[in-house]
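One-letter residues, chain by chain:
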Amino acid sequence: MNEQGQIVRDMLEIVFLGTGSGIPSKRRNPASIWLQYEDDAFLWDCGEGTQRQLMAARTSFMKINRIFITHWHADHWAGLIGLMQTMNMEGRKKALHIYGPEAERFVGDLLDLDYWGPRFRVVPHNVPFEGSELMPVYESKRFTILSIPVEHTVPSVGYAFHEHDVWNVDIQKAGKFGLHQGPLVGKLKRDGKVRVGGKLVTLKQVGYIKPGIRVAYTGDTEPCKNLEKLCQGVDLAIHDATFLEERADRMHGDVKAAARLAKKCGVGELILTHFSRRYTEIKPLRDEALKIFNRTRVAEDFMRIRLKKSNR
Ligand SMILES: [Zn+2]
């Protein structure tokens, strides 16, 4: 959505709502990321205070249909109760889907807390937390959300957004078949073929496949093999960067490992997030990553990104 509240077509909007780890700081809220693709809005994680961050970011929280939790540590889910209660008080009617490892158990526990009872359906979806495959967990007409188990102290997954690849028409090529920009091109994209001056023109003759946008989010994890599958060739990788140096005892990501992974997987851009509050200055972390992978940025709360296919 743009500042005027209009939905922008063919574009993925990402807003970082929380970029800190375990303990929030004045500058960083616990983990949460807003994603909107056309009129489909969802969250990756929902740490404490997410609803106020959503309001401050001027995103419409009532639009959220799905929340994908990477793991059940409070810095990734504690915003759920308040957000759901606000949705209830605002008269929400449509269902809210919550995904995560063992979601049925945890969402059930959340709904048992307090005297409140939502007047809308809250639907939990268990996400596999063992194995080594990227698995689809939600599929819409235009994109798929996938998950893969990662390595943390508790069952934990990473998520990916894969916009579906689409066929597009090469207008120059089409011109050679007497087909010019206009409604017939739309029909060709829709039906895969169209009649021009009595001759059949197919999409395969004048088209090409436009790869969809791909984004990966690691959640909390130490470096592991599955991260390569999650991040391979994505346009944007959002990576746990809790520490500057590797800390084998903490089961978290570090800046250098994230940058090495981004390089190995050929990602378009790396955004580091989930910083420990011990780092009051983030610049040294960014500088360290840049030595290994030069398309690195560091996330800040309220950072907003728009990805469009034509950016590729
Ligand atoms: Zn965390």
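Below is a short write-up of the structure. Bear in mind the structure is a predicted one, so any value in this text is a computation, not a measurement.

## Side note on the overall build of the protein chain
The secondary structure content of the protein chain amounts to 10 helices and 18 strands. For 312 residues, the compact-globule formula gives about 20 Å, and the C-alpha radius of gyration of the protein chain, at 21 Å, lands near that figure. Principal-axis analysis of the C-alpha atoms gives the protein chain an extent of 65 × 50 × 40 Å. Put simply, the protein chain has 312 residues, and 52% of those count as buried. Taken as a whole, the protein chain presents about 14,800 Å² of accessible surface, with 51% of it coming from carbon and sulfur. On the protein chain, the mean spot of the 47 positive side-chain charges and the mean spot of the 38 negative ones are 9 Å from each other.

## A word on the pattern of salt bridges
Inspection of every chain in the model, using the stated rule, returns 14 salt bridges. In this structure, Glu 300 engages Arg 27 in a salt bridge whose closest nitrogen and oxygen atoms are separated by 3.1 Å. Here Arg 27 lies in the loop between strand 1 (11-18) and strand 2 (32-37) and Glu 300 lies in the loop between strand 17 (296-298) and strand 18 (304-308), a separation of 273 residues in the sequence. Residue Glu 300 is classed as partly exposed on the basis of its relative accessible area, which comes to 24%.

## Side note on the coordination of the zinc ion
For the zinc ion, the protein coordination sphere consists of Asp 75 (OD), His 76 (NE2), Asp 220 (OD) and His 274 (NE2), at 2.1 to 2.2 Å. When its relative accessible area of 0% is taken as the criterion, His 76 is described as buried.

## Considerations on the sheet that holds strand 15 (residues 236-240)
With respect to topology, 7 strands assemble into an open sheet ordered 7-8-9-14-15-16-17, the strand pairing being mixed. A single partner strand is all that each edge strand has here, and the edge strands are strand 7 (135-139) and strand 17. The mean inter-strand angle of the sheet, taken between neighbouring strand axes irrespective of direction, is 20°. Here 4 bridges tie strand 7 to strand 8 (residues 143-149), and the two strands are oriented antiparallel to one another. Within the sheet, the bridge partner assigned to Glu 139 lies in strand 8 and is Thr 144. Contacts from helix 9 (residues 255-265) reach strand 15 and strand 16 (269-273), with the element oriented near 160° to strand 16.

Cut-offs applied
- Positions within a chain are numbered from 1, following the residues in the order the chain's sequence is written.
- A pLDDT threshold of at least 70 governs which residues receive local features in this predicted model, and a stricter bar of 80 or more applies before side-chain atom pairs are shown or counted, although totals over entire chains, interfaces and linings include all residues.
- No hydrogens and no water enter the side-chain calculation; it runs on all heavy atoms of the structure.
- Numbering goes from the N terminus for both helices and strands, where a helix is a DSSP run of H or I of at least four residues and a strand is a run of E of at least two.
- For the radius of gyration, the atoms used are the C-alpha atoms, and the globule rule reads 2.2 Å times the number of residues raised to 0.38.
- Burial classification: accessible surface area is computed with a 1.4 Å probe over protein chains only, and a residue below 20% of its type maximum counts as buried, one above 50% as exposed, and the rest as partly exposed.
- For every accessible area listed, the method is Shrake-Rupley and the probe measures 1.4 Å; residues are considered covered only by the protein chains on display.
- Only four residue types enter the charge count, namely Lys and Arg as positive and Asp and Glu as negative; His and the chain termini do not.
- Every charge is mapped to an atom, namely NZ of Lys, CZ of Arg, CG of Asp or CD of Glu.
- Whenever Lys or Arg places a side-chain nitrogen within 4 Å of a carboxyl oxygen from Asp or Glu, that contact is recorded as a salt bridge.
- Listed donors are limited to N, O and S atoms within 2.8 Å of the metal, widened to 3.2 Å for Na, K and Ca; water is not among them, so incomplete-looking sites are possible.
- Should DSSP find at least two bridges between two strands, the strands are regarded as paired.
- Here an axis means a line fitted to C-alpha atoms, over the contact stretch when the element is a helix, while the angle between two N-to-C directions is reported on a 0 to 180 degree scale.
- Residue contacts are defined here by distance: any two heavy atoms, one from each residue, within 4.5 Å place the two residues in contact.

By themselves, these observations are geometric and do not establish any function.
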